[in-house]
Amino acid sequence: QVQLVESGGGLVQAGGSLRLSCVASGNIFAINVMDWYRQAPGKQRELVASLTSGGKTDYADSVKGRFTISRDGAKNTVYLQMSSLKPEDTAVYYCKLDLERLPDYRYLEVWGQGTLVTVSS
């Protein structure tokens, strides 16, 4: 069983910063891709940032230059540092990991429960 626990969401004023964390636990052999998604009220879930095990990053145009995705491999943790936040960044943020579990090395896509980020104007 693999679980993800997210934290770091909250209320922040426009222009402020937050750092989200996503900790994976369980029998994990390898984490191949780490993603952050978000879903605003009444909108579809969208990919915000992605990080591969090889270090390649990708960002949605709307967050480029403001958000940074990173990882601590030893802790099976992925972070999303968010700066210069705007009201339109308000959403529930989800982490998703593409990983291989033990003992069968099965590929899994695991989602966190989501953490709410609210940016006030």
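Residues numbered from 1 in each chain as written. Predicted model: local features only at pLDDT ≥ 70, side-chain atom pairs only at ≥ 80, totals over all residues. Heavy atoms only, no water.

Q: Is there a simple way to think about the overall build of the protein chain in this case?
A: Along the backbone of the protein chain there are 0 helices and 11 strands. Element order for the protein chain, N to C, with α for helix and β for strand: β-β-β-β-β-β-β-β-β-β-β. Its C-alpha atoms give the protein chain a radius of gyration of 14 Å, near enough to 14 Å, the size a compact globule of 121 residues would have. Here the C-alpha coordinates of the protein chain stretch approximately 50 × 25 × 25 Å along the principal axes. (Helix = DSSP H or I, 4+ residues; strand = E, 2+ residues; numbered from the N terminus. Rg over C-alpha atoms; globule rule 2.2 N^0.38 Å.)

Q: What is the right way to look at the pairing of strand E9 (residues 91-101) in this model?
A: In terms of burial, E9 is a largely internal element, 8 of the 11 residues being buried. The pairing of strand E4 (residues 28-39) with E9 spans 10 bridges and is antiparallel. Bridged to Ile-31 within E9 is Leu-99. With 3 bridges connecting them, E9 and strand E11 (residues 115-120) associate as antiparallel partners. Of the residues in E11, the one forming a bridge with Tyr-93 is Thr-115. The pairing of E9 with strand E10 (residues 107-111) spans 5 bridges and is antiparallel. Bridging from a neighbouring strand, Asp-98 pairs with Glu-109 of E10. The loop that links E9 with its antiparallel partner E10 comprises 5 residues; one of these, Tyr-105, has a positive phi angle of about 60°. (Buried < 20%, exposed > 50% of the residue type's maximum accessible area, 1.4 Å probe, protein only. Pairing = 2+ DSSP bridges.)

Q: Help me understand unusual backbone geometry, please; the structure alone is not making it clear to me.
A: Most peptide bonds take the trans form, and the phi angle of most residues other than glycine is negative. Across the junction of Leu-102 and Pro-103, the peptide omega takes the value 5°, indicating a cis bond. With respect to the element layout, Pro-103 can be found in the loop between E9 and E10. Here Tyr-105, not a glycine, exhibits a phi torsion of approximately 60°, which is positive. Tracing the chain through its elements places Tyr-105 in the loop between E9 and E10.

Q: Help me understand the nonpolar core in this model?
A: A general feature of soluble globular proteins is that nonpolar side chains tend to end up buried together. Counting residues in hydrophobic clusters, the biggest one holds 32 residues, and the most contacted among them are Trp-36, Phe-67, Ile-69, Leu-80, Met-82, Tyr-93 and Leu-97. Of all the secondary structure elements, the ones that give two or more residues to this core are strand E1 (2-7), strand E3 (18-26), E4, strand E5 (46-52), strand E7 (67-72), strand E8 (77-82), E9 and E11. The greatest single-element share of this core, amounting to 5 residues, is contributed by E9. Leaving out residues up to four positions away in the same chain, Leu-97 has contacts with Leu-4, Ala-24, Ile-31, Val-33, Met-34, Val-78, Leu-108, Glu-109 and Val-110. (Core = buried A, V, L, I, M, F, W, Y, C linked by side-chain atoms within 4.5 Å. Contact = heavy atoms within 4.5 Å.)

Q: Help me understand a nonpolar patch on the surface, please; the structure alone is not making it clear to me.
A: Where nonpolar side chains cluster on the molecular surface, the patch consists of Phe-29, Leu-102 and Tyr-105 and spans about 290 Å² of accessible area. Take Phe-29: it is sitting in strand E4. When its relative accessible area of 48% is taken as the criterion, Phe-29 is described as partly exposed. (Patch = residues over 30% accessible without salt bridge, like charges linked within 9 Å, V, L, I, M, F, W, Y side chains within 5 Å. Areas by Shrake-Rupley, 256 points an atom, 1.4 Å probe, with all protein chains shown as cover. Salt bridge = Lys/Arg side-chain N within 4 Å of Asp/Glu carboxyl O.)

Q: I'm lost on the state of the cysteines in this one. Help?
A: Put plainly, two cysteines are in a disulfide when a covalent bond ties their sulfur atoms together. Scanning the entire structure with this criterion turns up 1 disulfide. Paired by a disulfide, Cys-22 and Cys-95 hold their sulfur atoms 2.0 Å apart. The disulfide joining Cys-22 to Cys-95 has a torsion of about 55° about its S-S bond and is therefore right-handed. With Cys-22 in strand E3 and Cys-95 in strand E9, the pair connects residues that are 73 residues apart, well separated along the chain. For the pair Cys-22 and Cys-95, one class covers both residues: buried. (Disulfide = S-S within 2.5 Å.)

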